[in-house]
Amino acid sequence: MARNKVNGPTEKELAILSVLWGKGPSTVRQVNDEINKIHKTGYTTTLKLMQIMTDKGLLVRDESDVRHIYHSAVSQDITQKQLVGDLLEKAFAGSAEKLVMQALSAKKVSAKELSKIKDMINKI
């Protein structure tokens, strides 16, 4: 059976990217240590995922030192826009209104967040 093409990073890949976006360039050990604060993952699993992500172009590996340092090949902002765009098309038939309404009703939104959203809408 053929596998569906995945447009963006998987959930586990996104966890690795989140560590790199937050901490900056890191070794596999550093990334694995951060991920283990949330859920237990073996070092070799993290290593293999990061190797796959490098092959996919999601990460860049600096091999100039004995300890390979990885960093994200794509910014958090670009990745988030891609994921939201994919979700918009797949789940909301391209309707930004439906996506925003669902996002706002999914959990309580603070007054500060609502103010920022209103400001953004006014700028658009």
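Placed above this text is the structure.
Residues numbered from 1 in each chain as written. Predicted model: local features only at pLDDT ≥ 70, side-chain atom pairs only at ≥ 80, totals over all residues. Heavy atoms only, no water.

J.: Got a sec to walk through the overall build of the protein chain? Specific residues and values, please.
T.: Of regular secondary structure, the protein chain possesses 6 helices and 2 strands. The N-to-C order of helical and strand elements in the protein chain reads α-α-α-β-β-α-α-α. By the compact-globule yardstick of 14 Å for 124 residues, the protein chain is too spread out, its C-alpha radius of gyration being 18 Å. With the principal axes as the frame, the protein chain shows a C-alpha extent of 50 × 40 × 25 Å. Expressed as a percentage of the 124 residues in the protein chain, the buried residues total 26%. (Helix = DSSP H or I, 4+ residues; strand = E, 2+ residues; numbered from the N terminus. Rg over C-alpha atoms; globule rule 2.2 N^0.38 Å. Buried < 20%, exposed > 50% of the residue type's maximum accessible area, 1.4 Å probe, protein only.)

J.: Please give an account of the side chain of S72 that cites residues and values.
T.: For S72, the position within the fold is in strand β2 (residues 69-72). Of the residues examined, S72 reaches a relative accessible area of 17% and is grouped as buried. Separated by 3.1 Å, the side chains of S72 and W21 make a polar contact. From its side chain, S72 meets the backbone oxygen of V74 in a polar contact 2.4 Å long. (Polar contact = N/O pair within 3.5 Å; in protein donor to acceptor, adjacent residues only side chain to side chain.)

J.: Tell me what's going on with the nonpolar core, and back it up with residues and numbers.
T.: Core analysis: the largest hydrophobic core is formed by 13 residues, its most contacted members being I16, V31, M50, M53 and L59. Secondary structure elements with two or more residues in this core: α1 (11-23), α2 (28-36) and α3 (43-56). Here this core gets 4 residues from one element, more than from any other, and that element is α1. Setting aside chain neighbours within four positions, we find M53 in contact with E13, I16, L17, L58 and L59. (Core = buried A, V, L, I, M, F, W, Y, C linked by side-chain atoms within 4.5 Å. Contact = heavy atoms within 4.5 Å.)

J.: Would you mind going over the packing of α1 against α3 in detail, with residue names and values included?
T.: At their nearest, the axes of α1 and α3 sit 10 Å apart, and the two run at 90 degrees to each other. In terms of axis orientation, α1 runs roughly perpendicular to α3. Taken together, the residues of α3 that come into contact with α1 (itself represented by K12, E13, I16 and L17) are T46, L49, M50, I52, M53 and K56. Classifying every residue of the contact of α1 with α3 gives 6 nonpolar, 1 polar and 3 charged. (Axes fitted to C-alpha atoms, helices over the stretch in contact; angles between N-to-C directions. Parallel < 35°, antiparallel > 145°, perpendicular 65-115°, else oblique. Nonpolar A, V, L, I, M, F, W, Y, C, P; charged D, E, K, R; others polar.)

J.: Break down the layout of surface pockets for me, citing the residues and quoting the values.
T.: Estimated volume of the largest pocket: approximately 380 Å³. Broken down by secondary-structure element, the contributors of at least two residues to the lining of the largest pocket are α5 (96-106) and α6 (111-123). With 4 residues, α6 is the largest single contributor of residues to the lining of the largest pocket. (1 Å grid on protein atoms, 1.4 Å probe; cavity = no way out; pocket = protein on both sides within 12 Å on 5 of 7 lines; lining within 4 Å. Points joined across faces, edges and corners; volume = space filled by probe spheres on them.)

J.: Break down the pairing of β2 for me, citing the residues and quoting the values.
T.: By the alternation rule, side chains of β2 split into Y70 and S72, which are all buried, and I69 and H71, of which none is buried. Relative to β2, strand β1 (residues 59-62) runs antiparallel, the two sharing 4 bridges. The partner of V60 across the bridge, within β2, is H71. (Pairing = 2+ DSSP bridges.)

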